[in-house]
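Per-entry structural report
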Amino acid sequence: LVERLRGDMMQGTAALALRNLAANSHNNQNAIVQAGAIPALVKLLEDGMPGVREEAARALWKLASRNRDHQAIVLETGAAVPLVALLEGSD
């Protein structure tokens, strides 16, 4: 699924699937982060279509929920600016 985030198609679906896998499962969250999903999701926040950006933001939220280490990775990967732009409705 992480590789699909980097591809040309099905990025939104991959982000949705990762979000669902991360929900309420610390083991899945850790595995998804270790697979390199956070940088790929942040890239989608910057470059993806509007619906894909929203799914990427939701997936990041699930990965960072209740996990300070994952929150730090999200910030270190540069997610703050594109997340704020998404909230503001900027492209």
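No experiment lies behind these values; they were computed from the predicted model shown. (Residues numbered from 1 in each chain as written. Predicted model: local features only at pLDDT ≥ 70, side-chain atom pairs only at ≥ 80, totals over all residues. Heavy atoms only, no water.)

**Focus on the pattern of salt bridges**
Overall, the coordinates contain four salt bridges when judged by the stated rule. In this structure, Arg6 and Glu3 form a salt bridge, with 2.8 Å as the shortest nitrogen-oxygen distance. One end of the pair is Arg6 and the other is Glu3, both in helix α1 (residues 2-6) and three residues apart, which spans about a single turn. Arg6 gets classed as partly exposed once you look at its relative accessible area, which sits at 44%. Across the pair Arg58 and Glu55 runs a salt bridge whose closest N-O atoms are separated by 3.3 Å. Pair noted here: Arg58 and Glu55 are both in helix α5 (residues 50-64), with a separation of three residues, about one helical turn. Residue Arg58 is classed as partly exposed on the basis of its relative accessible area of 35%. For Glu55, a relative accessible area of 15% translates into the label buried. Beyond isolated ion pairs, a larger network of salt bridges with shared partners links Arg19, Glu55 and Arg58. (Salt bridge = Lys/Arg side-chain N within 4 Å of Asp/Glu carboxyl O. Helix = DSSP H or I, 4+ residues; strand = E, 2+ residues; numbered from the N terminus. Buried < 20%, exposed > 50% of the residue type's maximum accessible area, 1.4 Å probe, protein only.)

Read these as geometric descriptors, not functional statements.
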